[in-house]
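# Notes for the structure review
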Amino acid sequence: EVQLSESGGGLVQTGGSLRLSCAASGFTFDDYSIGWFRQAPGKGREGVSCISNSDSSTAYTDSVKGRFTISSDNAKNTVYLQMNDLKPDDTAGYYCAAVRGRCPQLRTYYTRTSFLRVYDYWGQGTQVTVSS
C-alpha cells in the first residue's frame, strides 16, 4: 500500500540539529514532489519546505531559510530535511506529504480538507521538540 513514513525527530536543545527522513513506498516516487509540514497544537499545518520531482528545485518558508535544507535520494525513495540551528518555535509534529507533479506554493493549511485537496499522500509524523 501507499505509505510515507517519517523518522528522525527527537528532543534537542536550542541551536541543535536533527535530520528528518521521509521514506516513501507504494507509488511512483519520481512522479511526485515531496513537502515537509509542521503542526503545533492549536495551529495550522505549515508548509516548511518542498522539493520538486522535475528539477529538484526547492522552496522554504521564510522562518527556516538558511537553517533547513531539503534533499532527495531517489534511489532510496527518501526525502530528508536537515534542520540546523533549531529554535523553540520549531517545536511541532513534522509531516511529509506527496503531490503529483511540481511543488505547490508553500502555505499553511488550516483544515484537513484544504490540505487533502492538494496533497495525495501523507505520513503520520515525527515529533520535534526544541528546549529553551
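Residues numbered from 1 in each chain as written. Predicted model: local features only at pLDDT ≥ 70, side-chain atom pairs only at ≥ 80, totals over all residues. Heavy atoms only, no water.

### A word on the pattern of salt bridges
Applying the stated criterion across every chain yields a total of four salt bridges. Here Arg38 makes a salt bridge to Glu46, at a shortest N to O gap of 2.9 Å. Among the charged side chains, a network of salt bridges with common partners joins Arg38, Glu46, Arg67 and Asp90. (Salt bridge = Lys/Arg side-chain N within 4 Å of Asp/Glu carboxyl O.)

### Description of the state of the cysteines
Covalently bonding the sulfur atom of one cysteine to the sulfur atom of another cysteine gives a disulfide. Applying the stated criterion across every chain, the model contains two disulfides. The disulfide partner of Cys50 is Cys103, and the S-S distance across this bridge is 2.1 Å. As the torsion about the S-S bond is roughly -90°, the Cys50-Cys103 disulfide counts as left-handed. Of the two residues, Cys50 is situated in strand 5 (residues 45–51) and Cys103 in the loop between strand 9 (92–100) and strand 10 (108–109); the sequence distance between them amounts to 53 residues. (Disulfide = S-S within 2.5 Å. Helix = DSSP H or I, 4+ residues; strand = E, 2+ residues; numbered from the N terminus.)

### Focus: the layout of surface pockets
Gaps left between atoms are located by rolling a probe of water-molecule size over the structure's atoms. Put simply, the largest pocket is a space of about 200 Å³. Residue lining of the largest pocket: Arg38, Gln39, Ala40, Lys43, Gly44, Glu46, Asp89, Thr91, Ala92 and Thr108, and that is the complete set. When its residues are assigned to classes, the lining of the largest pocket shows two nonpolar, four polar and four charged. (1 Å grid on protein atoms, 1.4 Å probe; cavity = no way out; pocket = protein on both sides within 12 Å on 5 of 7 lines; lining within 4 Å. Points joined across faces, edges and corners; volume = space filled by probe spheres on them. Nonpolar A, V, L, I, M, F, W, Y, C, P; charged D, E, K, R; others polar.)

### Observations regarding the packing of aromatic side chains
Taken as a whole and judged by the stated rule, the model has nine aromatic pairs. Aromatic side chains Tyr109 and Tyr119 sit 6.2 Å apart centroid to centroid with 85° between the ring planes, which places their arrangement in the edge-to-face category. Of this pair, Tyr109 sits in strand 10 while Tyr119 sits in the loop between helix 1 (112–116) and strand 11 (121–122), and the two are 10 residues apart along the sequence. Residues Tyr109 and Tyr119 agree in their burial class; the two are buried. Among the aromatic residues, ring-to-ring pairing joins Phe37, Tyr109, Phe115 and Tyr119 into one connected group. Positioned above the aromatic ring of Phe115, the side-chain terminus of Arg45 is 4.9 Å from the ring centre. (Phe/Tyr/Trp six-rings, centres within 6.5 Å; stacked < 30°, edge-to-face > 60°. Buried < 20%, exposed > 50% of the residue type's maximum accessible area, 1.4 Å probe, protein only. Lys NZ or Arg CZ within 6 Å of the ring centre and 35° of its normal.)

### So, the pairing of strand 12 (residues 126–131)
The alternating pattern of strand 12 places Thr126, Val128 and Val130 on a buried face, while none of Gln127, Thr129 and Ser131, on the opposite face, is buried. The pairing of strand 2 (residues 10–13) with strand 12 spans four bridges and is classified as parallel. Bridge pairing links Gly10 to Val128 in strand 12. Bridge count for strand 9 against strand 12 is three bridges, and the pairing is antiparallel. Each bridged residue has a counterpart across the sheet, and for Gly93 the counterpart in strand 12 is Gln127. (Pairing = 2+ DSSP bridges.)

### Points about empty space enclosed by the protein
Across all of its chains, the model carries one cavity of 30 Å³ or more by this definition. Taken as a whole, the largest cavity spans an internal volume of roughly 100 Å³. Surrounding the largest cavity, Phe29, Asp30, Tyr32, Ile34, Ile51, Ser52, Asn53, Ser56, Ser72, Asn74 and Val79 form its lining.

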